[in-house]
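Structure assessment
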Amino acid sequence: MNGAASFGERLHAAFTAWGRLCVGIDPHAALLDRWGLDDSAEGAREFGLRVVGAAAGRAGLVKPQVAFYERHGAAGYVALERVLAEARDAGMLVIADVKRGDIGTSVDAYGEAWLRPGSTLESDAMTISAYQGLGSIESVMRRADAAGKGLFVLSATSNPEAAAIQRAVLQQSSREGDTVAGAICAGVAAWNAARDDAADRPLGSIGVVLGATVDLAASGIDTSADPIAPTLPVLAPGFGHQGADVRDLDAIYGSLAAGVIVSESRSLLGEGPDGLAEAIVRRADEIGAARV
């Protein structure tokens, strides 16, 4: 990394300065209407910029849901580029929620689009799928490490139909007998631990997505085991609107709790443009109190 701070180091700094809250940027049609904005690329850009303005100085992380920009085509991507740049210029870490995944040069191109310094879509981290196996995204993990960027690999998501795949038991694998979700968590933790400077990293740069409403034990994820250093970052949707309570964060995540990012969108964005800043401060305080 040529001496540059790793994503894990920057994430730890954001935790220390602003806490665990990650503010979602989800300009879907219903919210645009409630905010008095057109359902267009211009409306999505204005929505995103207003969220960035409300979050700046109050939260350390934002997570644009790229699908809500992509649906507006090329103009939507131009709008997203502006939102990404404004958020990063404001000093926040940007997690692009793109959920890309593939093999070979295709998945590497996704990594280049979202993680390459200087790209118009440059973000600090991206969500990614390892449906074809963790090895299929190794080139992107290496790219992330080299550029001081991060990844969040889908592991145990909250949609009910995911359980059949994510709880399936692996065969013909070095992690034979593990569930798919458990193998992803263990594999990512092992990747972080194998970095040359792992002992000096407070948080790993590669993390996982674990929904707060998921039965993690049933998904094959052991939250009682001693964690492997560095701490595994966990992007945790499901709090707020989806029903999980931040007061239960430690009970839900156990030994993984130290790396949890509380990702919230609708519960905050539903407060509207005039109430969003206050809602962010209030929620950040609630999360901080829950972790004391």
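Owing to the predicted nature of the structure, the values given are computational and were not obtained by experimental measurement.

Turning next to the packing of helix H3 (residues 41-55) against helix H5 (residues 73-89). The contact between H3 and H5 brings their axes to 8 Å, and the two run at 10°. When the axes of H3 and H5 are compared, the pair comes out roughly parallel. Facing H3, whose interface residues are Ala41, Arg45, Gly48, Leu49 and Val52, H5 presents Ala75, Gly76, Ala79, Arg82, Val83, Glu86 and Ala87. Split into classes, the residues belonging to the contact of H3 with H5 amount to seven nonpolar, two polar and three charged.

Turning to the pattern of salt bridges, a few remarks are in order. Going through the model one piece at a time under the given rule, you end up with 20 salt bridges. The shortest N-O distance in the salt bridge between Lys149 and Glu122 comes to 2.7 Å. Taken together, the residues span a long stretch of sequence, with Lys149 in the loop between helix H7 (138-147) and strand S5 (150-156) and Glu122 in the loop between helix H6 (104-115) and strand S4 (125-128) at a distance of 27 residues. Using a relative accessible area of 14% as the deciding quantity, one classes Glu122 as buried. Across the pair Arg283 and Glu286 runs a salt bridge, and its minimum N-O distance is 2.8 Å.

A separate point is the sheet that holds S5. Taken together, eight strands build a closed barrel; the order of strands is S1-S2-S3-S4-S5-S6-S7-S8 and the barrel is parallel. Looking at each pair of strands side by side, their axes are set apart by 30° on average, direction ignored. Sheet strands in contact with H3 are strand S1 (21-25) and strand S2 (61-64), and its direction is about 165° off that of S1. Contacting S5 and strand S6 (206-210), helix H9 (residues 180-193) crosses the sheet at an angle of about 160° to S6.

Taken residue by residue, a regular strand's side chains alternate between the two faces of the sheet. The element S5 is largely enclosed, with a buried count of seven among its seven residues. Of the strand pairs in this sheet, S4 and S5 are connected by four bridges, and their pairing is parallel. Opposite Met126, over in S5, you have Leu151 as the bridge partner. For the segment spanning S4, H7 and S5, crossover handedness is right-handed.

Turning our attention to the packing of H6 against H7. Close contact between H6 and H7 brings their axes to 8 Å; oriented N to C, the two are set at 25°. Judged by the angle between their axes, H6 and H7 are roughly parallel. The interaxial crossing formed by H6 with H7 has right-handed handedness. Judged by residue contacts, Val107, Asp108, Gly111, Glu112 and Leu115 of H6 engage Ser139, Val140, Arg143, Ala144 and Ala147 from H7. Tallied by class, the residues present in the contact of H6 with H7 amount to five nonpolar, two polar and three charged.

Next up on the list: the state of the cysteines. Overall, the coordinates contain zero disulfides when judged by the stated rule. As a non-bridged cysteine, Cys22 has Cys185 as the owner of its nearest cysteine sulfur, 18 Å distant. The exposure class assigned to Cys185 is buried, which follows from its relative accessible area of 7%.

Right, let's get into the environment of Val52. By secondary structure assignment, the location of Val52 is in helix H3. Judged by its relative accessible area of 5%, Val52 falls in the buried class. In sequence terms Val52 and Ala87 are 35 residues apart; their C-alpha atoms lie 5.7 Å from each other.

The next point concerns the nonpolar core. If you look at the biggest cluster of nonpolar residues, it comprises 74 residues, and the most contacted ones within it are Leu210, Phe239 and Tyr253. Ranked by the residues each element gives to this core, the list is headed by H3, at seven residues.

The next subject is the environment of Ala244. Relative to the assigned elements, Ala244 resides in the loop between strand S7 (234-236) and helix H10 (249-253). When the C-alpha atoms of Ala244 and Ala212 are compared, they prove to be 6.1 Å apart, with 32 residues separating the residues in sequence. Leave out the neighbours within four places in its chain, and Ala244 touches Ala212, Thr213, Gly238, Phe239 and Ile252.

Enumeration over the complete set of coordinates arrives at three aromatic pairs. Where Phe7 meets Phe152, the ring centres are 6.0 Å apart and the plane angle is 85°; that geometry is what we call edge-to-face. In this pair, Phe7 sits in helix H1 (residues 7-18) while Phe152 sits in strand S5, placing the two residues 145 residues apart along the sequence. As far as the burial class goes, Phe7 and Phe152 line up, both buried. Measuring from ring centre to ring centre gives 4.2 Å for Trp35 and Phe47, while their planes differ by 40°; the resulting arrangement is tilted. Note that Trp35 is positioned in the loop between helix H2 (29-34) and H3 and Phe47 in helix H3, a separation of 12 residues in sequence. This pair shows no difference in class: Trp35 is buried, exactly as Phe47 is.

Criteria and cut-off values
- Residues numbered from 1 in each chain as written.
- Predicted model: local features only at pLDDT ≥ 70, side-chain atom pairs only at ≥ 80, totals over all residues.
- Heavy atoms only, no water.
- Axes fitted to C-alpha atoms, helices over the stretch in contact; angles between N-to-C directions.
- Helix = DSSP H or I, 4+ residues; strand = E, 2+ residues; numbered from the N terminus.
- Parallel < 35°, antiparallel > 145°, perpendicular 65-115°, else oblique.
- Contact = heavy atoms within 4.5 Å.
- Nonpolar A, V, L, I, M, F, W, Y, C, P; charged D, E, K, R; others polar.
- Salt bridge = Lys/Arg side-chain N within 4 Å of Asp/Glu carboxyl O.
- Buried < 20%, exposed > 50% of the residue type's maximum accessible area, 1.4 Å probe, protein only.
- Pairing = 2+ DSSP bridges.
- Right-handed = clockwise from strand over helix to strand, strands pointing away.
- Left-handed = near helix turned anticlockwise from the far one by under 90°.
- Disulfide = S-S within 2.5 Å.
- Core = buried A, V, L, I, M, F, W, Y, C linked by side-chain atoms within 4.5 Å.
- Phe/Tyr/Trp six-rings, centres within 6.5 Å; stacked < 30°, edge-to-face > 60°.

Just distances and angles here, no functional claims.
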